[in-house]
Amino acid sequence: MNLLVLAAEVENPLIPPIPELVIGLIAFVIVFGFLAKKLLPNINKVLDERHAAIEGGIEKAEAAQTEAQSVLEQYKAQLAEARHEAARLRQEALEQGTALKEELRAEGQRQREEIIAAGHAQIAADRKAASQALRQDVGKLATDLAGKLVGESLEDHARQSRTIDRFLSELEEKAEAAR
């Protein structure tokens, strides 16, 4: 037991003396009080500001994302509408082109037929004029020839015209019958 008594008399290095413990405790309370009064409100203020900034940033990001999604949907709708409009315009242009082509084709056909009809009328008029001129020339030549053969002048125009007309009519009838 001597040992226990001896150990009790010797100070334990792990247990500080009471006056130091009291002074350390008082100093700790003073420093803690000072930090709680001066430093802790500033720290809390900065933390609150940071928390508000983070929350505001998240809310702003969510709002921006919502707005971006809305704009994207509007863009897709406008793009679909523009594609639909473009397809409608292409179809309309195709229909107009087809109608215009048909109209131009019909106009060309009409003009061609007018030109052909005018050509036929011109040919008929030219044929009639040539036939008339030929009749007169043939009649004059025949009268001149007959006058030379007979030795007399056959200048009676009415008679001459009737004879020539009858002769040419007979020739035309023979030509038609031969066809």
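On a predicted model such as this, the values are computed, not experimentally measured, just so you know.

Peer 1: Any details on the overall build of the protein? Residues and values, ideally.
Peer 2: In terms of helices and strands, the protein carries three helices and zero strands. Burial statistics for the protein: of 179 residues in total, 4% are counted as buried. When the accessible area of the protein is evaluated, it comes to approximately 16,200 Å², of which 62% is carbon and sulfur surface.

Peer 1: Could you give me a rundown of a nonpolar patch on the surface, with the residues and numbers involved?
Peer 2: Residues V31, F34, L35, L39, L40, I43 and L47 make up a contiguous nonpolar surface patch of roughly 610 Å² in combined accessible area. Within the element layout of this structure, L40 appears in helix α2 (residues 18–150).

Peer 1: Which residues make up the pattern of salt bridges, and what values go with them?
Peer 2: Scanning the entire structure with this criterion turns up five salt bridges. E102 is the salt-bridge partner of R105, the closest N and O atoms lying 3.1 Å from each other. With R105 and E102 both in helix α2 and three residues apart, the pair spans about one turn of that helix. With a shortest N-O distance of 2.3 Å, R110 and E107 are connected by a salt bridge. Separated by three residues within a single helix, R110 and E107 lie in helix α2, roughly one turn from each other. For E107, a relative accessible area of 32% corresponds to the partly exposed category.

Peer 1: Let's hear about the packing of aromatic side chains: which residues, and what values?
Peer 2: Counted by the stated rule, this structure contains one aromatic pair. Aromatic pair F28 and F32: ring centres 6.0 Å apart, planes at 20 degrees, arrangement stacked. Of this pair, F28 and F32 both sit in helix α2, four residues apart, which is roughly one turn of the helix. Pair check on accessibility: F28 and F32 agree, each one exposed.

Scoring rules and cut-offs
Throughout, residues of each chain are indexed from 1 in the direction in which the sequence is written. Predicted model: local features are reported for residues with pLDDT of at least 70 only, side-chain atom pairs are reported and counted for 80 or more only, and whole-chain, interface and lining totals are derived from all residues. To get the side-chain values, take all heavy atoms of the structure and skip hydrogens and water. Secondary structure is summarised from DSSP: a helix means a run of H or I of at least four residues, a strand means a run of E of at least two, and numbering begins at the N terminus for each. The buried label goes to any residue with under 20% of its type's maximum accessible area, the exposed label to any with over 50%, and the partly exposed label to all in between, with areas taken from a 1.4 Å probe on protein chains only. For the area figures, the Shrake-Rupley method with a 1.4 Å probe applies, and any residue is considered shielded solely by the protein chains shown. Each patch is built from residues lacking any salt bridge and having more than 30% relative accessible area; the joining distance is 9 Å for like charges and 5 Å for nonpolar side chains (Val, Leu, Ile, Met, Phe, Trp, Tyr). The term salt bridge refers to a pairing of a side-chain nitrogen on Lys or Arg with a carboxyl oxygen on Asp or Glu at a separation within 4 Å. Stacked, tilted and edge-to-face pairs are distinguished by plane angle, under 30 degrees for stacked and over 60 for edge-to-face with tilted covering the rest, among Phe, Tyr and Trp rings (Trp via its six-membered ring) whose centres lie within 6.5 Å.

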